[in-house]
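Next come the chains, spelled out residue by residue.
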Amino acid sequence: MSVDAETLSKLRWRCRRGMRELDAAMRAYLDNHYQGASTEEQALFVELQDMQDPELFLLISGKAREARYQHIIDKMSDAMAGRS
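What comes next is a walk through the structure. Keep in mind it's a predicted model, so treat the numbers as computed, not measured.

Rules and cut-offs
Residues numbered from 1 in each chain as written. Predicted model: local features only at pLDDT ≥ 70, side-chain atom pairs only at ≥ 80, totals over all residues. Heavy atoms only, no water. Helix = DSSP H or I, 4+ residues; strand = E, 2+ residues; numbered from the N terminus. Buried < 20%, exposed > 50% of the residue type's maximum accessible area, 1.4 Å probe, protein only. Core = buried A, V, L, I, M, F, W, Y, C linked by side-chain atoms within 4.5 Å. Contact = heavy atoms within 4.5 Å. Phe/Tyr/Trp six-rings, centres within 6.5 Å; stacked < 30°, edge-to-face > 60°.

Take the environment of Gln52 next. One can find Gln52 in the loop between α3 (39-50) and α4 (53-61). Residue classification places Gln52 among the exposed positions, given a relative accessible area of 57%. The spacing of Gln52 and Gly18 is 34 residues in sequence and 9.7 Å in space, taken between C-alpha atoms.

Grouped burial of nonpolar side chains is what soluble globular proteins tend to show. Grouped together as the largest cluster of nonpolar side chains are 22 residues, with contacts concentrated most on Met26, Tyr34, Phe45, Leu48, Ile60 and Met76. Listed by contribution, the elements that provide at least two residues to this core are α1 (5-14), α2 (20-32), α3, α4 and α5 (67-80). For this core, the leading source of residues is α2, giving five residues. Contact partners of Met26, with chain neighbours within four places excluded, come to Cys15, Arg17, Phe45, Leu48, Gln49, Leu56, Ile60 and Met76.

Here the focus is the packing of aromatic side chains. Across all of its chains, the model carries two aromatic pairs by this definition. Taken together, a centroid distance of 5.7 Å and an interplanar angle of 55° make the contact between Tyr34 and Phe45 tilted. With a gap of eleven residues between them, Tyr34 in the loop between α2 and α3 and Phe45 in helix α3 connect regions that are remote in the sequence. Its relative accessible area of 6% is what places Tyr34 among the buried residues. The exposure class assigned to Phe45 is buried, which follows from its relative accessible area of 0%. Counting every residue linked through ring pairs, the aromatic cluster contains Tyr29, Tyr34 and Phe45.

With respect to the element layout, Gln49 can be found in helix α3. Note on Gln49: relative accessible area 5%, which makes it buried. For Gln49, the contacting residues outside a window of four places in its chain are Leu11, Arg14, Cys15, Arg17 and Met26.

Structural measurements only, silent on function.
Listed below in structure tokens is the structure:
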């Protein structure tokens, strides 16, 4: 799905978090997977952006799991490891 430049710019800004690890994970997904994702997956990514940093960190670090986000979390991990 094609995403306009303004939307990407806003999403990129929202990827700026209070923790470097979160910044990297969110940007990795945005840069490598967001534009090719389904509308539903894009909406889930926006939901992740709405989370507070401690809750999001638990998901990204694997210390917590939430099934509906796991596909995106897996893609973040792969992109950060260079497997995107």
